[in-house]
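Structural description and commentary
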Amino acid sequence: MAGGWGPGGADCAIAVTFDHLGEAAEIQLGSIPADAPVGRHHSVTRELPALLAVLDEHSYSATFFVEAWNFRHYPDAVRAIAEAGHEVGWHGWLHEPWHRSSAAEIAESLRLSLDAFGELGIRPRGARPPAGLLGPHSVDVLAEHGFDYVSLAGTAFGTTLGRTARLPLLPYPWHAVDGAYYVPGFTRLRQPPGEEPVGPDGLLAGYAAIVDDTAAAGGCAGLIFHVPWQDSPDRIAAIGTLIDRLAADERVWLARADEIADWVRDHPADFPETVHTDRAPAW
């Protein structure tokens, strides 16, 4: 990039982001019945308060991509995220994977979602389609519904093109997902792939390598944490450590996802137009 990232002209831009809340993904995956009692999920009662506390302690405003189902079942939790100064983005209605959804299913997801956002007076700017892949669908549908940036799996950065729309793109490589370090079955996403979880120290090392690669490429990336998986003090503490390291790294503009999107939009000459190509996950 000619002018670098952010006001200080950094080599790269990094956003620390959070996905999932409540039972939404578990219902979608069928791991709990759709008619099971809801409203006391540990991600809301335990992990979210700890995350909001550590983000406040380290003075970082983050982006939370939340399934809109939570706006109906956990409105106070969603309000707490927004009132703490964090961006609330969209992560589907019930975490339905876009690349396996029909156009009609996506239209219904967006209708339900935006109605729920509107009930709380929140207008989402950013969309992170569940599973990170578009499949046969176009970003046009997101632009038509008022979203002005998209976060997708991959490493290409800049803007992604639909047939008519051009949206700033915040990418995330698969090994920038915390499950690659914490969750059996996801560890093959690491670089190099692993067989067993490695814990917070392994995650911090993996994310440091991603930052090195992103800075060398002059790009941007999202680092992902899933709220329900921040279920121990050492995992919560690792987020604070990561934020401090990124804030002290002169190569890095540590920003919120919407701030990075605004920078891309405001500097069109510096960013390529990219037709996003899905890259399937390793699971």
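Read on for a plain summary of the structure. Note that the structure is predicted; figures quoted are calculated from it, not measured. (Residues numbered from 1 in each chain as written. Predicted model: local features only at pLDDT ≥ 70, side-chain atom pairs only at ≥ 80, totals over all residues. Heavy atoms only, no water.)

Let us look at the packing of aromatic side chains. Scanning all chains against the criterion turns up 13 aromatic pairs. Ring centres of tryptophan 90 and phenylalanine 147 lie 5.6 Å apart, and the angle between their planes is 45°; on these two criteria the pair is classed as tilted. Residue tryptophan 90 is found in strand β3 (residues 87–90), and its partner phenylalanine 147 is found in the loop between α6 (140–144) and β5 (149–153); the two are separated by 57 residues along the sequence. Each member of the pair, tryptophan 90 together with phenylalanine 147, is buried. Ring geometry for tyrosine 181 and tyrosine 207: centres 5.6 Å apart, planes at 90°, overall edge-to-face. Separated by 26 residues along the polypeptide, tyrosine 181 in helix α7 (residues 179–182) and tyrosine 207 in helix α8 (residues 199–217) bring together distant segments of the chain. The exposure class of tyrosine 181 is buried, given its relative accessible area of 3%. An aromatic cluster of three or more residues is present, and its members are Phe18, Phe64, Tyr181, Tyr207 and Phe225. (Phe/Tyr/Trp six-rings, centres within 6.5 Å; stacked < 30°, edge-to-face > 60°. Helix = DSSP H or I, 4+ residues; strand = E, 2+ residues; numbered from the N terminus. Buried < 20%, exposed > 50% of the residue type's maximum accessible area, 1.4 Å probe, protein only.)

Once that is clear, we can look at the pattern of salt bridges. What the rule picks out here adds up to 15 salt bridges. Arginine 125 is paired through a salt bridge with aspartate 148; the nearest N and O atoms lie 3.0 Å apart. On the criterion of sequence distance, the pair formed by arginine 125 in the loop between α5 (103–119) and β4 (126–127) and aspartate 148 in the loop between α6 and β5 is long-range, its members being 23 residues apart. Of the residues examined, arginine 125 reaches a relative accessible area of 24% and is grouped as partly exposed. Here arginine 251 makes a salt bridge to aspartate 212, at a shortest N to O gap of 3.0 Å. A residue pair is termed long-range when its members are at least 10 positions apart, and arginine 251 in the loop between α9 (233–248) and β9 (252–254) and aspartate 212 in helix α8 qualify at 39 residues. Looking at arginine 251, the relative accessible area reads 28%, which means it is partly exposed. Classification of aspartate 212 as partly exposed rests on a relative accessible area of 40%. Here the residues in one salt-bridge network are Arg125, Asp148, Arg256, Asp258, Asp262 and Arg265, joined through shared partners. (Salt bridge = Lys/Arg side-chain N within 4 Å of Asp/Glu carboxyl O.)

The next thing to look at is the packing of α8 against α9. Helices that pack against each other are described as a pair by the angle of their axes relative to one another and the distance between those axes. Contact geometry for α8 and α9: axes closest at 10 Å, N-to-C directions at 25°. With respect to α9, the element α8 is oriented roughly parallel. Here α8 runs over α9; the crossing is right-handed. Between α8 and α9, the residues in contact are Pro200, Leu204, Tyr207 and Val211 and Asp234, Arg235, Ala238, Thr241, Leu242, Arg245 and Leu246, respectively. Along the lines of polarity and charge, the residues of the contact of α8 with α9 split into seven nonpolar, one polar and three charged. (Axes fitted to C-alpha atoms, helices over the stretch in contact; angles between N-to-C directions. Parallel < 35°, antiparallel > 145°, perpendicular 65-115°, else oblique. Left-handed = near helix turned anticlockwise from the far one by under 90°. Contact = heavy atoms within 4.5 Å. Nonpolar A, V, L, I, M, F, W, Y, C, P; charged D, E, K, R; others polar.)

Looking now at the pairing of β3. Along β3, one buried face is formed by Glu87 and Gly89 and the opposite face, lined by Val88 and Trp90, is buried too. The pairing of strand β2 (residues 63–66) with β3 spans four bridges and is classified as parallel. Looking across to β3, one finds that threonine 63 is bridged to glutamate 87. (Pairing = 2+ DSSP bridges.)

This paragraph deals with the packing of helix α2 (residues 42–57) against α9. Running from N to C, α2 and α9 point in directions that differ by 25°, and their axes come no closer than 10 Å. By the angle class used here, α2 and α9 are roughly parallel. Considering only the axes of α2 and α9, their crossing is right-handed. The segment α2 lies against α9, with Ala50, Leu51, Val54 and Leu55 engaging Ile236, Ile239, Gly240 and Ile243. A class-by-class count of the residues in the contact of α2 with α9 yields seven nonpolar, one polar and no charged.

Tracing the sequence through the fold places glycine 121 in the loop between α5 and β4. Look at glycine 121 and you get exposed, because its relative accessible area is 67%. Spatially, the C-alpha atom of glycine 121 lies 9.7 Å from that of arginine 79, the residues being 42 residues apart in sequence.

Before going further, it helps to examine α2. Every α-helical turn comprises 3.6 residues, leaving residues that sit three or four positions apart pointing alike. For α2, which comprises 16 residues, the first-to-last C-alpha distance of 22 Å matches the rise-based estimate of 22 Å (1.5 Å per residue) to within 8%. Taken as a whole, α2 carries its principal kink of about 35° at leucine 48; the proline proline 49 stands between one and four residues after it. Where α2 ends, the next residue or the one after it, serine 59, has phi of about 55°, a positive value. (Expected span 1.5 Å × (residues − 1). Bend = angle between axes of the 7 residues up to and from the residue.)

It is worth spelling out the pairing of strand β7 (residues 166–172) at this point. The element β7 is extensively covered by neighbouring structure, given that six of its seven residues are classed as buried. Two strands pair when backbone bridges link them, and β5 and β7 are joined in this way by four bridges, in the parallel orientation. From the neighbouring strand, serine 151 faces β7, where its bridge partner is leucine 170. Here strand β6 (residues 158–161) pairs with β7 via four bridges, running antiparallel.

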